[in-house]
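A closer look at the structure
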Amino acid sequence: MAFSLPESALKRLIEDLGTDTVFCGTSIDTRYCTDKTSDFRAAPDIVLLPRTTEEVSKALRICHAFRIPVIPRGAGTGVTGGAVATSGGAILSLERMNNILDLDEKNSTITVQPGVTTENVQKKSMSAGLFYPPDPASLHDCTIGGNVAESSGGPRAVKYGTTKDYILGLEFVTVDGTVMRSGGKYVKNATGYNLTGLLTGSEGTLAVITEIILRLVPAPKESCDILASFDSLDSAAEAVYLISAARIIPATIEFMEEDAIRFVARNAEIEIPMSSAKAHLLIQIDGESKGEIRRKRRALIQALNPLSPGIITARNEEMKATLWSARRGIRPAIEKESPIFLAEDCVVPRAEIPAFVSSVKQLLNRRGLKSVIFGHAGDGNVHIDVLKYDIPYEEWLKLLPDLKKEIYACAISHGGTISGEHGIGSVRKNYMDLAFSSAELSLMKQIKKAFDPEGLLNPGKMI
């Protein structure tokens, strides 16, 4: 049900927060009506741009008093409609809360506001010889607050884990404006419920995160990128197992199946190495010295040789860029050829990737649909992009519900689940019963109600 903003609420928000923080009507920038979800749009009644935790608290107190739905928003780089005001109400954008508050080298932590970009966290950490490993594809634009809310992943998850593995503490504001803290600059914590863990990945449905303490690790001094081609996706998957069996832990292992390779080669303005292959693995190894990298590289190539007919090692930064060009060119190529597409990111056990991809390809082929499939071979996260092309729009909308259900059911049948890193948001909410029992969903709804009894925080998302 759509929300209508009371004039008295608008007056109160302007009085308490100021005209430079409150925007409504024609003053709302259209970018707050969307995120990066293909063909997904809804307009908020009002946009709030606080600069401090105190202003977030004031905004939530007023919205709570007037029963105004509040949609927390980072940079809007999500792809599940999670930062879109599907029922109207207030977008609470944290983009102005973009300060790095503390870099603590002694404790290897960095404390930031939610609007700091992931790239800037990495740069600031590297200036002290420290490393913040999580690397979502949108790291140049996405913010840490959004990463925490979505429990974002990235290619480095195979060695370093994801965002959730680096959150030591949070400051957050509840729906009624109460400011709270959980965790701190310590590694161990066996005190009470893990609220930090509960809020991570909650997609703005439980509270608004206003400060984050992140742990850092020593920065690797050297790295090397290797591209390997294969005659089948099964061979690529077997190579991933052999790499693991050889006790090699790469920083990243990315894969592309043949349709993805051909697709990018057709649309890219640069030459894609080994573009006739049935599958690619793009592997990065890192370490403390050139000698360590040489040893790892030799062991890696030894593991790959029985299965890969072509192996290329990047000798310089230019070659690295060339090797990564295909992987990084997938999304721009898709947007160029079919601006409307379905983007899924199921996850399965690593050994199930070939069987899962084959099953998905079969169900898409039966429907006459074209797809591009790629992902993170090291952690089983498979990105499935189904292209609309010239399918009539109404027909496209009608086929999506059953198509998504089939893809998710296929992932679950292979021991996986609906999403590995993009989250649920609006577009996957109606499929949660495929992954969870009614008792499990009921428990989640009780947690939601404990934090947000009236359902005002990001309504219509997650559960």
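Our structure's up above, just so we're on the same page.
Please read all numbers here as calculations on a predicted model, not as lab measurements.

Parameters and conventions
- Residues numbered from 1 in each chain as written.
- Predicted model: local features only at pLDDT ≥ 70, side-chain atom pairs only at ≥ 80, totals over all residues.
- Heavy atoms only, no water.
- Axes fitted to C-alpha atoms, helices over the stretch in contact; angles between N-to-C directions.
- Helix = DSSP H or I, 4+ residues; strand = E, 2+ residues; numbered from the N terminus.
- Parallel < 35°, antiparallel > 145°, perpendicular 65-115°, else oblique.
- Left-handed = near helix turned anticlockwise from the far one by under 90°.
- Contact = heavy atoms within 4.5 Å.
- Nonpolar A, V, L, I, M, F, W, Y, C, P; charged D, E, K, R; others polar.
- Salt bridge = Lys/Arg side-chain N within 4 Å of Asp/Glu carboxyl O.
- Buried < 20%, exposed > 50% of the residue type's maximum accessible area, 1.4 Å probe, protein only.

1. Details of the packing of helix α1 (residues 7-17) against helix α2 (residues 53-65)
In the contact formed by α1 and α2, the axes pass within 10 Å of each other and the chain directions differ by 165 degrees. On the basis of their axis angle, the class for α1 and α2 is roughly antiparallel. For the crossing formed where α1 meets α2, the hand is right-handed. Residues A9, R12, L13, D16 and L17 of α1 form the contact with α2, whose own contacting residues are E55, K58, A59 and I62. Residues of the contact of α1 with α2, tallied by class, amount to five nonpolar, no polar and four charged.

2. Description of the pattern of salt bridges
Per the stated rule, a full pass over the model turns up 28 salt bridges. Between D16 and R12 there is a salt bridge, with its nearest N and O atoms 3.6 Å apart. In this pair, D16 and R12 both sit in helix α1, four residues apart, roughly one turn of the helix. Residue R12 is classed as partly exposed on the basis of its relative accessible area of 36%. K320 is paired through a salt bridge with E317; the nearest N and O atoms lie 3.6 Å apart. With K320 and E317 both in helix α10 (residues 317-328) and three residues apart, this pair spans about one turn of that helix. Take K320: its relative accessible area is 16%, and that puts it in the buried class. Overall, the relative accessible area of 58% leaves E317 in the exposed class. Residues joined by salt bridges that share partners form a network here, namely D29, R31 and E95.

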